[in-house]
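# Analysis of the macromolecular model
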Amino acid sequence: MTRLDQLKQQAKHLKAELYALYLAYRDPRVPWYARIFVACVVGYAFSPIDLIPDPIPLLGYLDDLILVPLGIALAIKMIPADVMAEYRERARSLQRQKPTNWVAAGAIVSIWLLFAMLAVFLAMRATRR
């Protein structure tokens, strides 16, 4: 098995884990703090908008290569093992559809707009002097 094949297998595994997390975060056996964290991780991973845009050289894929897998790993540790096993099985049996989280997309767009407004404000302030 080549290194590329191994990376593809790891990516498929992460995608399956992410889908199981998506199913598990509403379960009442999951602690409230884990639900919030899982909702953020899943929302960010499924969001059509990245916090760091992909066209930015090197940094653009940083979130996809480091932040999302790290978030998935931490979220899995927060959920009880029996609950995760149940939802992993359910995720395998269900047809995989990519959910859209418009709340997370809205939050990310809002953050970018705030940064843009701050940049405009600072530029206007600097030109007045």
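Refer to the structure presented above.
Structural notes, computed from the coordinates. What you see is a predicted model; the values in this text were computed from it and never measured.

Inspection of the secondary structure assignment puts E17 in helix α1 (residues 3-24). Apart from residues lying up to four places away in sequence, E17 is in contact with I72, I76, M84 and R88.

Let us look at the nonpolar core. Membership of the largest hydrophobic core comes to 22 residues, with the highest contact counts inside it found for L18, L21, V38, V42, I72 and I79. At the level of elements, α1, α2 (32-46), α3 (62-78) and α4 (81-93) are the ones that each hand at least two residues to this core. With sequence-adjacent residues up to four places away left out, V42 is seen in contact with L18, L21 and Y22.

Let us look at the side chain of D27. With respect to the helices and strands, D27 occurs in the loop between α1 and α2. Residue classification places D27 among the buried positions, given a relative accessible area of 5%. In this structure the side chain of D27 is engaged in a polar contact, spanning 2.7 Å, whose partner is the backbone nitrogen of R29. Ignoring anything within four residues of it in the chain, the contact list for D27 reads R35, V83 and Y87.

The rules we used
- Residues numbered from 1 in each chain as written.
- Predicted model: local features only at pLDDT ≥ 70, side-chain atom pairs only at ≥ 80, totals over all residues.
- Heavy atoms only, no water.
- Helix = DSSP H or I, 4+ residues; strand = E, 2+ residues; numbered from the N terminus.
- Contact = heavy atoms within 4.5 Å.
- Core = buried A, V, L, I, M, F, W, Y, C linked by side-chain atoms within 4.5 Å.
- Buried < 20%, exposed > 50% of the residue type's maximum accessible area, 1.4 Å probe, protein only.
- Polar contact = N/O pair within 3.5 Å; in protein donor to acceptor, adjacent residues only side chain to side chain.

None of this, on its own, says anything about what the molecule does.
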